[in-house]
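One-letter residues, chain by chain:
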Amino acid sequence: MAKSPSHKFGQIIGNLLEEIISSILTDFCEQRGLYLDKKGHRGKARRGSKVTWKDKYGNEHDLDFVIERDGSPDKTGQPIAIIEAAWRRYTKHSRNKVQEIQGAVLPVAECHNLEAPFLGVVLAGIFTDNSINQLESFGFKVLYIPYKTITDAFCCANIDVRFDEFTPDDEFKQCVKKIEELAVSEREGLKQMLISLNKEQIDHFFNLLAETIDRMINKILIIPLYGHDRCFQDIQAAVDFIESYHESPPEGGLRRYEVIVEYSNYDRIEAEFSNKDRIIKFLKSLLS
């Protein structure tokens, strides 16, 4: 089934957005010795061209970009940042896209909670304040590229992309044709103009990303927990137990270790481990 000119136009804008973000992320990762997992052939680490990661239940989720520590084309590293990119022309589609992003990213982030990955979204076009606020409430950092800056950037390339739902297909076809016929230098100029028009927002987003990636550990709290569970049916019984409880020596053997890691950017990881081997493995992973 042939795709409509308007759908093809949307794909072109989406691909342009991903090219811009991919280029900036590549430079960012190269400066820090990190691996950027993005669409395309990778190597032995995964099959196919999609950036596919699994959640804790084994379900697969296709993502746009994942930054890995100790990753390579042939080895999957630790995911320390997950970044999605999306374009939408109309507000009626923005909430569905936001929910789609959450459904893909959050289960993967939960599976790798000990890495406390940065969660980022690059939105371009028209998105409602409610949809952006919804993402932020789930811990996402949002880079928003407004629709007007996109039309202004294309205007500098002498292409009018100001369309709506009533624009005839023939006009879309002509617009798509002009975009596809851009020389490499013209396409690069278009991307640079779009970056320039959104420089402040882009810089802020990547500063937030850097704060997470470059964060330093302020302190590590380790709490060994001993004793047996006590279950009470009412508050007074619980109070009576606490008042009469002898705190030393501890009753029962070691139950688990609780670990709290606090970072310089105020990120915080809380975890529980049942034995020394697992907690040591976790602590050593913080060294990389």
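Since the model is a prediction, treat every value here as computed from it, not as a measurement.

How each quantity is defined
Residue positions within a chain follow its written sequence, with the count starting from 1. Local features are withheld for residues below a pLDDT of 70 in this predicted model, meaning they are given only at 70 or higher, and side-chain atom pairs are given and counted only at 80 or more; totals for whole chains, interfaces and linings count all residues. Side-chain numbers come from the whole structure's heavy atoms, not from hydrogens or water. Secondary structure elements are defined from DSSP: runs of H or I of at least 4 residues count as helices, runs of E of at least 2 residues count as strands, and each element is numbered from the N terminus. Atoms counted for the radius of gyration: C-alpha only. Globule rule: 2.2 Å times the number of residues to the power 0.38. Under the scheme applied here, a residue whose accessible area is under 20% of the maximum for its type counts as buried, over 50% as exposed, and between as partly exposed, the area being computed with a 1.4 Å probe on protein chains only. Paired strands are those between which DSSP finds at least two bridges. The axes used here are C-alpha line fits, helices contributing only the stretch in contact, and every angle between their N-to-C directions lies in the interval 0 to 180 degrees. Whether two residues are in contact is decided by their heavy atoms: any pair within 4.5 Å suffices. Each patch is built from residues that are more than 30% exposed by relative accessible area and take part in no salt bridge. Like charges join if they lie within 9 Å; nonpolar side chains (Val, Leu, Ile, Met, Phe, Trp, Tyr) join within 5 Å. In short, Shrake-Rupley with a 1.4 Å probe defines the accessible areas, and a residue's cover is counted only from the protein chains shown. Any carboxyl oxygen of Asp or Glu that lies within 4 Å of a side-chain nitrogen of Lys or Arg is treated as forming a salt bridge with it. Think of a 1 Å grid over just the protein atoms. A cavity is a set of points where a 1.4 Å probe fits yet cannot get out, a pocket is an open set with protein on both sides within 12 Å along at least five of seven lines, and lining residues have an atom within 4 Å of a point. Grid points are joined across faces, edges and corners, and a volume is the space filled by probe spheres set on the points. Amino acids are sorted into nonpolar (Ala, Val, Leu, Ile, Met, Phe, Trp, Tyr, Cys and Pro), charged (Asp, Glu, Lys and Arg) and polar (every other residue, Gly among them).

Undergrad: Residue-level account of the overall build of the protein chain, with values.
TA: Across its full length, the protein chain holds 9 helices and 10 strands. On C-alpha atoms alone, the protein chain measures out to a radius of gyration of 24 Å, which is more than a quarter above the 19 Å that the 2.2 N^0.38 rule sets for 288 residues. Seen along its three principal axes, the alpha-carbon backbone of the protein chain occupies a region of about 80 × 45 × 40 Å. A buried classification covers 40% of the 288 residues belonging to the protein chain.

Undergrad: Outline unusual backbone geometry, supporting the account with residue identities and numerical values.
TA: The phi angle at Asp 70 is positive, at roughly 65°, despite the residue not being glycine. Mapping Asp 70 onto the fold places it in the loop between strand E4 (65-69) and strand E5 (78-88).

Undergrad: Outline the sheet that holds E4, supporting the account with residue identities and numerical values.
TA: Sheet architecture is open: 5 strands sit in the order E1-E4-E5-E6-E7, paired in mixed fashion. Here the strands that pair on one side only, and so sit at the sheet edges, are strand E1 (35-38) and strand E7 (141-146). On average, each strand axis in the sheet is inclined to that of its neighbour by 15°, with strand direction left out of account. The sheet contacts of helix H1 (residues 5-32) involve E1, E4, E5, strand E6 (118-125) and E7, and relative to E5 the element is tilted by about 150°. In the packing of helix H2 (residues 94-111) onto the sheet, contacts are made with E5 and E6, and the angle to E5 comes to roughly 170°.

Undergrad: Just give me the short version of the environment of Ala 183, but keep the residues and values in it.
TA: Relative to the assigned elements, Ala 183 resides in the loop between helix H5 (169-180) and helix H6 (184-197). Sequence separation between Ala 183 and Ser 23 is 160 residues; the distance between their C-alpha atoms is 18 Å.

Undergrad: Tell me about a nonpolar patch on the surface, and name the residues and values.
TA: A cluster of nonpolar side chains, Ile 217, Ile 220 and Ile 222, forms an exposed patch at the surface whose accessible area comes to about 220 Å². Following the sequence through the fold, Ile 217 ends up in strand E8 (residues 217-226). Owing to a relative accessible area of 34%, Ile 217 belongs among the partly exposed residues under this scheme.

Undergrad: Quick rundown of helix H4 (residues 147-156)? Include the residues and the values.
TA: Within the sequence span of H4, burial applies to Tyr 147, Thr 149, Ile 150, Thr 151, Ala 153 and Phe 154. In the core, the buried residues of H4 are packed alongside H1, E5, E6, E7, H5 and H6. In the stretch just after H4, Asn 158 is the one whose phi turns positive, near 60°.

Undergrad: Which residues make up empty space enclosed by the protein, and what values do they have?
TA: With the rule as written, the count across this model stands at 1 cavity of 30 Å³ or more. Within this model, the largest cavity holds a volume of roughly 40 Å³. Lining of the largest cavity is provided by Ile 13, Leu 16, Leu 17, Ala 124, Ile 150 and Leu 194. Top element by residues in the lining of the largest cavity is H1. It accounts for 3 residues. Grouping the amino acids of the lining of the largest cavity by side-chain chemistry returns 6 nonpolar, no polar and no charged.

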